[in-house]
Amino acid sequence: MNEGTIRKNIDESMIRINLIADPEYIVGEDKNVHCYLSWMNKCNNLMMGSVVLGQIGNGKTHFLRYMRKKVEENETAVGIYMPDMFFNGPLVDALNSLYASLFKSNVNKDLSTYLEDWEQSDKSLANRYVDNNIVRYLTHCNNTDEKRLVLDYFSNKDLFPDQVSFMRKKFNAKKRFINNENDFVTAFVAALQFIQCVTGKKILLFIDEIDKVYSDSTNSISLTKVGYKILTSYRTLFDYLNNCKVEGMITVGTTIEAWEVLSHQAAFERRFKDHQVVLKTPKTKEEVMEFIIKRFQENNVNVENADKKDIEKYVSYLTENDMKSWANIISALLKGKNSDSMNKTIEPEEIILDVLSKSLVPLSWEEMLESSDALAAIYPKAQPIKTLQSMNKRGKIIINEGKPNTYEISE
């Protein structure tokens, strides 16, 4: 590759508009990966807690998604990724959204995926799990279609009116089965218990974005009354999972600052404090080289030995400050510091428009960041309100007011 081609590939691989469902690699975290897997092997007959700590932009989401993929490949666990620990809005809506995220992520499976496992499972399950509503409903189904409908219902899918009517008549089931914190915990545990009992695998739950409990400006908890109730529900959930002998591990990802604030919530923190992973910082230039090459390979770009020397030149321009996090590294590589041939800058508006143009539905700012490492690198702490409002005024995008706001490209 010539220098121009390398520059182009760096830009394209660092921006990475299209979201990678689960990464195939992780750089510089071998010790933490080994540590996590050792914990997983010890969580027999109990639900453990663990936390992944790292500064903003240092790869917490990447680590969680990488571990989810790795444990599933080992075929000893079912990995479930929840992109958010909290949702805004009324409590009941928030609890339903949290429960639905068990199944709606682009890497998670809904309950109907396990229908074949249920059909092949030990029929004594019905007697062993009489308090599990999913199991109880399935045992009263007359055919496969009814069973699939039950599993869709408990996956919180939107059902057709005739399906809702059937569930009401046959099972006296409500259209919405989560109406308070107790319903949330009961449904959550029932779903995980069902998956475990039909697969025989441990359940590993990866929960992202618990940073939302922390205000960077005030260094304090920033939770609404709804947020506190959700936090309490998680504590109850953790204990109920253990009471029901659901084995596995719940892993949360957060910044060190946010975790220090959460540590004052002793009833929550004590369930996770004994198993902590702190992501490595700063990075080394050897790790940056490996990172760039892995990104090239994601884009189906082969790197020859001769190309590595040219890539090393770009890495050599990185400063100590640039090396503090992956977001800083990506930003510096995109900006092309200290080199005339690297002075190309990426306009944030172009990235925003590119992300929205590739989505069929409006996206929240958090969803946009998940779709673009470049945006996450440029705006690691807060969304650019003025830029988004300016784009809206100029007819570039549409802002849909809500909690949170969502954005879509103008026709």
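Everything quoted here is computed from the prediction, not taken from an experiment.

As for empty space enclosed by the protein
Thinking step 1. Using the criterion set out here, one finds 3 cavities of 30 Å³ or more in the structure.
Thinking step 2. One number sums up the size of the largest cavity: a volume of about 60 Å³.
Thinking step 3. In terms of lining residues, the largest cavity is bounded by Arg-68, Glu-72, Val-78, Gly-79, Ile-80, Leu-102, Val-107, Asn-108, Lys-109, Tyr-114 and Ile-195.
Thinking step 4. Of all elements in the fold, only α3 (60-73) and β2 (77-82) reach the threshold of two or more residues within the lining of the largest cavity.
Thinking step 5. If one sorts the elements of the lining of the largest cavity by residue count, β2 sits on top with 3 residues.
Thinking step 6. Looking at the lining of the largest cavity residue by residue, the class counts come to 6 nonpolar, 2 polar and 3 charged.
Thinking step 7. Size it by volume and the second largest cavity reaches roughly 50 Å³.
Thinking step 8. Every residue lining the second largest cavity is listed: Met-85, Ile-207, Tyr-234, Leu-237, Phe-238, Ile-250, Val-252, Phe-268 and Phe-272.
Thinking step 9. For the lining of the second largest cavity, the element with the most residues is helix α11 (residues 225-243), which contributes 3 residues.

Some words on the environment of Phe-177
Thinking step 1. Structurally, Phe-177 can be placed in the loop between α9 (161-171) and α10 (181-199).
Thinking step 2. For the pair formed by Phe-177 and Phe-154, sequence separation is 23 residues and the distance between their alpha carbons is 8.4 Å.
Thinking step 3. Sequence-distant contacts of Phe-177, that is, excluding residues within four places in its chain, are made with Tyr-99, Tyr-153, Phe-154, Asn-156, Asp-183 and Ala-187.

Some details on α9
Thinking step 1. Every buried residue of α9 is listed here: Val-164, Met-167 and Phe-171. One face of α9 carries all of its buried residues, which in axial projection span an arc of 70°. Exposed and facing more than 90 degrees away from the buried side of α9 are Pro-161, Asp-162 and Lys-169.
Thinking step 2. Here the buried face of α9 lies against α7 (133-139) and α8 (144-154).
Thinking step 3. Just past α9, the residue Asn-172 takes up positive phi, approximately 55°.

Procedures and definitions
Residues numbered from 1 in each chain as written. Predicted model: local features only at pLDDT ≥ 70, side-chain atom pairs only at ≥ 80, totals over all residues. Heavy atoms only, no water. 1 Å grid on protein atoms, 1.4 Å probe; cavity = no way out; pocket = protein on both sides within 12 Å on 5 of 7 lines; lining within 4 Å. Points joined across faces, edges and corners; volume = space filled by probe spheres on them. Helix = DSSP H or I, 4+ residues; strand = E, 2+ residues; numbered from the N terminus. Nonpolar A, V, L, I, M, F, W, Y, C, P; charged D, E, K, R; others polar. Contact = heavy atoms within 4.5 Å. Buried < 20%, exposed > 50% of the residue type's maximum accessible area, 1.4 Å probe, protein only. Arc of directions from axis to C-beta.

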